[in-house]
Amino acid sequence: QKEVEQNSGPLSVPEGAIASLNCTYSDRGSQSFFWYRQYSGKSPELIMFIYSNGDKEDGRFTAQLNKASQYVSLLIRDSQPSDSATYLCAVNMSWGKLQFGAGTQVVVTP
Amino acid sequence: NAGVTQTPKFQVLKTGQSMTLQCAQDMNHNSMYWYRQDPGMGLRLIYYSASEGTTDKGEVPNGYNVSRLNKREFSLRLESAAPSQTSVYFCASSVERGELEQFFGPGTRLTVL
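The sections below set out a description of the structure shown in this document. (Residues numbered from 1 in each chain as written. Chains lettered and ligands numbered in written order. Predicted model: local features only at pLDDT ≥ 70, side-chain atom pairs only at ≥ 80, totals over all residues. Heavy atoms only, no water.)

Concerning the sheet that holds strand β1 (residues 4-7) of chain B
Pairing between the strands of a sheet comes from backbone hydrogen bonds, and it takes one of two forms, parallel or antiparallel. All names here are of chain B. For clarity, the cut-off: Strand pairing is assigned whenever DSSP detects at least two bridges linking the two strands. Helical segments are the DSSP runs of H or I of at least four residues, strand segments are the runs of E of at least two, and each set is numbered from the N terminus. To get an axis, a line is fitted to the C-alpha atoms, and for a helix only the part in contact is used. The angle between two axes follows their N-to-C directions and goes from 0 to 180 degrees.
The four strands lie next to each other as β1-β3-β8-β7, forming an open sheet whose pairing is antiparallel. Two strands bound the open sheet, and with one partner strand each, they are β1 and β7 (64-68). Going across the sheet, the axis of each strand differs from the next one's by a mean of 20°, ignoring polarity. As paired strands, β7 and strand β8 (residues 74-78) are joined by five bridges and run antiparallel to one another. Within the sheet, the bridge partner assigned to Tyr64 lies in β8 and is Leu78.

Next up, the structure:
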């Protein structure tokens, strides 16, 4: 079992719709969770982090965390073509290591 | 602020050649990291340096060595390159290990023939 799992996609989303990305992790002791966005040929950039169960909103992005289910998700509202990228989930494992998922490719279609 | 810089951007090596990838950060961060990214594999940690003067192995250290030259610079060396080391290499830094955000450099695309 991979420590951090994501659907590879591609996730095709019509412009203006909501994109929903999921991530599960294996370490029940993990405390902090991150979403990075990576455009093709570029380096990852942080867009959200979440520590507590529940929702955290930042502009069009909402991160959702459920530690009991070991599940973190990212919602992108009003998706734009500029949101087309690969989204990496990263989990700070209990032993201090940041473990990345393989990423979900999102394609926003006009 | 340049953030995290890496050189070179692209490199082609022949099997058995050696090279050093350079990384520098100007954010006064204590921790620095080297990752490789392969299709479908995500980012895998090669080595990290929690602070100046310390280095530790990550998930995939075989075939690599690192040097934390000073607080700003962290280099990655391939002593005898192999085709399996063809990848995109990213350097990153953070205030402390496990701290909120890791800032990434632009990457080095390495091909080993």
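Some remarks on the state of the cysteines
The cut-off we apply is this: When two cysteine sulfur atoms lie within 2.5 Å, the pair is treated as a disulfide. Partly exposed residues are those whose accessible area sits between 20% and 50% of the maximum for their type, while under 20% is buried and over 50% is exposed, using a 1.4 Å probe and protein chains only.
Under the criterion given, the structure shown has two disulfides over all chains. Sulfur-sulfur distance for the disulfide between Cys23 of chain A and Cys89 of chain A comes to 2.0 Å. Between Cys23 of chain A and Cys89 of chain A the sulfur-sulfur dihedral comes to about -75°; the bridge is accordingly left-handed. Here Cys23 of chain A is found in strand β3 (residues 19-25), whereas its partner Cys89 of chain A is found in strand β9 (residues 85-92), with 66 residues between them in sequence. Owing to a relative accessible area of 0%, Cys23 of chain A belongs among the buried residues under this scheme. With relative accessibility at 0%, the residue Cys89 of chain A sits in the buried group. Each sulfur of the disulfide joining Cys23 of chain B and Cys91 of chain B lies 1.8 Å from the other. Between Cys23 of chain B and Cys91 of chain B the sulfur-sulfur dihedral comes to about -70°; the bridge is accordingly left-handed.

Considerations on the pairing of β3 of chain A
Residue and element names in this part refer to chain A. What you see with β3 is a clean split: Ala19, Leu21, Cys23 and Tyr25 sit on the buried side and Ser20, Asn22 and Thr24 on the side with no burial. As paired elements, strand β1 (residues 4-6) and β3 share three bridges and run antiparallel to each other. Within β3, the residue paired with Glu5 across the bridge is Thr24. In this structure, β3 lies alongside strand β8 (residues 71-76), joined through six bridges in antiparallel fashion. When the bridges of β8 are listed, Cys23 appears paired with Val72.

Overview of the pattern of salt bridges
The following threshold applies: The salt bridge definition used is simple: a Lys or Arg side-chain nitrogen within 4 Å of an Asp or Glu carboxyl oxygen.
Tallying each qualifying case throughout the model produces six salt bridges over all chains. The salt bridge involving Arg37 of chain A is made with Glu45 of chain A; its shortest N-O contact spans 3.1 Å. When its relative accessible area of 33% is taken as the criterion, Glu45 of chain A is described as partly exposed. In this structure, a network of salt bridges that share partners links the residues Arg36, Asp38 and Arg44 of chain B.

Observations concerning the nonpolar core
Under the convention used in this document: What makes a nonpolar core is a set of buried Ala, Val, Leu, Ile, Met, Phe, Trp, Tyr and Cys residues whose side-chain atoms join them at distances within 4.5 Å. When checking whether two residues touch, look at their non-hydrogen atoms; a contact exists if any pair is within 4.5 Å.
One finds Leu21, Trp35, Val72, Leu74 and Tyr87 of chain A to be the most contacted residues of the largest nonpolar core, which totals 24 residues. Residue assignment for this core shows that the elements contributing at least two residues are β3, β4 (32-38), β5 (45-50), β7 (61-66), β8, β9 and β11 (104-109) of chain A. In this structure Val72 of chain A touches Leu21, Asn22, Cys23, Phe33, Trp35, Ile50, Gln64, Leu65 and Cys89 of chain A, once residues within four positions along its chain are discounted. Within the second largest apolar cluster, 20 residues are counted, among which are Leu13, Ile46, Val66 and Phe74 of chain B.

As far as function goes, none of this settles anything; it's purely spatial.
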